[in-house]
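Listed below, chain by chain, are the residues.
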Amino acid sequence: MQGDEVHHSPETAQLDALKAGHTSAWKEIMVLHGSGLLSFAIRMLGDRGAAEEIVQDSLVNIYHTIGRFDGRCSIKSWLYRAVHNSAIDEIRRRKRYVDVGIDAEENYFNEAGRWINDCPGWDGLAAKRLDDKRLLTLVREQMDHLPHTHREVLLLKEFEGLDTTEICDALEISPGNLRIRIHRARAALRAAVVGA
Amino acid sequence: MVYLKCSVVVGKISEVIDGQTSLMTRMRFHGHIMMCKNCRRYFEQFKRVKEFAGKVTSDDLPPDFAHVMGFVMNEIENKDV
Ligand SMILES: [Zn+2]
């Protein structure tokens, strides 16, 4: 229920229109989600040309297979799922796929659950050497270097603003799994930024 | 108040930031954070990372989708004929 606006009947009507092949309905969902899908693909692949191709192909493919869509998730999630799957295929094809790396927090604590070393302060780093703009650049750079399983959850959650249900449906994972992945992704990003 | 282990507190940070914890967990979490410098630092860094990971700036104009949309609509309209 969380985050779902009351879109049920308009969504059903929209789906009917898409299935009936109304071009205005297709145009509408593209205007609504197109640039989000494209920006997601660009940041997944790091390559605008390939991203455009993937989004194009995904949308055309969705057009041809819309009859099989059972409406069990939102149209938006379904679109992101299609683009995500194609992006991962492309990344695998280029043999650049990196699965979840080691858990950044794994070695921070002793058996008693206490910090082994002090958590490095970044007051110096952030407040003195790095102003917000540089910190932003650094976060962005490091985000592009994260394993894809980390990067995709951060992009969908923080950047594209999908809610929990939408992300879970798009990535076909459970909310518990998503929670763990988001935490690990942020921990990896923090470690990369702090250099610790 | 430091009876939560640091490893447990750190493991809860994302849920706290995302508002997914119970009031009791949140209170125990913040109680620990107040007393523990390391967890407090880590929490602050996590919040900043989250904030910056999702920050949309003026350099982040949404990509121009017109070209892709033109291609797809062309495909769709041709199939309709
Ligand atoms: Zn602590």
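The model shown is predicted, which means the values in this text are computed figures rather than measured ones. (Residues numbered from 1 in each chain as written. Chains lettered and ligands numbered in written order. Predicted model: local features only at pLDDT ≥ 70, side-chain atom pairs only at ≥ 80, totals over all residues. Heavy atoms only, no water.)

Thoughts on the overall build of chain A
Item 1. Looking only at helices and strands, chain A has nine helices and zero strands in total.
Item 2. For chain A, the sequential pattern of α-helices and β-strands runs α-α-α-α-α-α-α-α-α.
Item 3. Of the roughly 9900 Å² of accessible surface on chain A, a fraction of 48% belongs to carbon and sulfur atoms. (Helix = DSSP H or I, 4+ residues; strand = E, 2+ residues; numbered from the N terminus. Areas by Shrake-Rupley, 256 points an atom, 1.4 Å probe, with all protein chains shown as cover.)

Looking at the coordination of the zinc ion
Residues and elements named next belong to chain B.
Item 1. Protein coordination at the zinc ion: the donors are Cys 6 (SG), His 32 (NE2), Cys 36 (SG) and Cys 39 (SG), at 2.0 to 2.4 Å from the metal.
Item 2. The sequence motif formed by the donor residues of the zinc ion is C-x25-H-x3-C-x2-C. Accessibility assignment for this pair places Cys 36 and Cys 39 in one class, buried. (Donors = N, O, S within 2.8 Å, 3.2 Å for Na, K, Ca; no water. Buried < 20%, exposed > 50% of the residue type's maximum accessible area, 1.4 Å probe, protein only.)

Some details on helix H7 (residues 148-159) of chain A
Item 1. Counting buried positions along H7 of chain A yields 12 of 12 residues, so the element is predominantly enclosed.
Item 2. What H7 of chain A keeps buried is the set His 148, Thr 149, His 150, Arg 151, Glu 152, Val 153, Leu 154, Leu 155, Leu 156, Lys 157, Glu 158 and Phe 159 of chain A.

Regarding the pattern of salt bridges
Item 1. Inspection of the entire model under this criterion finds 16 salt bridges over all chains.
Item 2. Note that Arg 181 of chain A and Glu 152 of chain A form a salt bridge whose closest N and O atoms lie 2.5 Å from each other. Remark: Glu 152 of chain A occurs in helix H7 and Arg 181 of chain A occurs in helix H9 (residues 175-194); sequence separation between them is 29 residues. With respect to class, Arg 181 of chain A is no different from Glu 152 of chain A; both count as buried.
Item 3. Its salt-bridge partner being Asp 18 of chain B, residue Arg 186 of chain A comes within 3.0 Å of it at the nearest N-O pair. Here Asp 18 of chain B lies in the loop between helix H1 (6-17) and helix H2 (23-35) and Arg 186 of chain A lies in helix H9, a pairing that spans two chains.
Item 4. By relative accessible area, Arg 186 of chain A is classed as buried at 1%. (Salt bridge = Lys/Arg side-chain N within 4 Å of Asp/Glu carboxyl O.)

Some details on the environment of Asp 103 of chain A
Item 1. Of note, Asp 103 of chain A is situated in the loop between helix H4 (75-93) and helix H5 (123-129).
Item 2. Taking the C-alpha atoms as reference points, Asp 103 of chain A and Ala 185 of chain A, separated by 82 residues in sequence, lie 9.0 Å from one another.

Some details on the packing of aromatic side chains
All names here are of chain A.
Item 1. Under the counting rule described, the total for this entry stands at 10 aromatic pairs over all chains.
Item 2. Aromatic pair Trp 26 and Tyr 63: ring centres 5.1 Å apart, planes at 70°, arrangement edge-to-face. Taken together, the residues span a long stretch of sequence, with Trp 26 in helix H2 (residues 23-45) and Tyr 63 in helix H3 (residues 48-65) at a distance of 37 residues. This pair shows no difference in class: Trp 26 is buried, exactly as Tyr 63 is. (Phe/Tyr/Trp six-rings, centres within 6.5 Å; stacked < 30°, edge-to-face > 60°.)

Remarks on the domain arrangement of chain A
Residue and element names in this part refer to chain A.
Item 1. Taken domain by domain, chain A consists of domain 1 (2-94) and domain 2 (105-195).
Item 2. Domain 1 and domain 2 are separated by 26 Å when their C-alpha centres are compared.
Item 3. At the interface, 18 residues of domain 1 touch 19 residues of domain 2.
Item 4. In this structure, Lys 76 and Glu 166 form a salt bridge, with 3.5 Å as the shortest nitrogen-oxygen distance.
Item 5. Taken together, the connections running from domain 1 to domain 2 amount to nine residue pairs in polar contact (both at pLDDT 80 or more).
Item 6. Of all the elements in the fold, those that place two or more residues in the side of domain 1 that touches domain 2 are H2 and H4.
Item 7. Residue contributions to the side of domain 1 that touches domain 2 peak at eight residues, all from H4.
Item 8. Residue classes in the side of domain 1 that touches domain 2 are distributed as six nonpolar, eight polar and four charged. (Domains from an automatic or database assignment. Contact = heavy atoms within 4.5 Å. Polar contact = N/O pair within 3.5 Å; in protein donor to acceptor, adjacent residues only side chain to side chain. Nonpolar A, V, L, I, M, F, W, Y, C, P; charged D, E, K, R; others polar.)

With respect to the interface of chain B and chain A
Item 1. With 44 residues of chain B at the contact, the number on the chain A side is 52 residues.
Item 2. Between chain B and chain A lies a buried interface of about 4400 Å² when both sides are counted; carbon and sulfur atoms form 66% of it.
Item 3. Across the chain B-chain A interface, the total number found is four salt bridges.
Item 4. Across the pair Lys 37 of chain B and Asp 118 of chain A runs a salt bridge, and its minimum N-O distance is 3.7 Å.
Item 5. For the interface between chain B and chain A, the tally reads 15 residue pairs in polar contact (both at pLDDT 80 or more).
Item 6. Mapped by element, the contributors of at least two residues to the side of chain B that touches chain A are H1, helix H3 (37-53) and helix H4 (66-80) of chain B.
Item 7. The biggest single contributor to the side of chain B that touches chain A is H3 of chain B, with 13 residues. (Buried area = accessible area lost by both parts, 1.4 Å probe.)

Considering the side chain of Glu 160 of chain A
Residue and element names in this part refer to chain A.
Item 1. In this structure, Glu 160 sits in the loop between H7 and helix H8 (164-171).
Item 2. Here Glu 160 sits buried without a salt bridge, and the closest side chain of opposite charge, Arg 43, lies 7.1 Å off (N-O distance).
Item 3. There is a polar contact of 3.4 Å between the side chain of Glu 160 and the side chain of Tyr 80. (Lys, Arg positive; Asp, Glu negative; His and termini not counted.)

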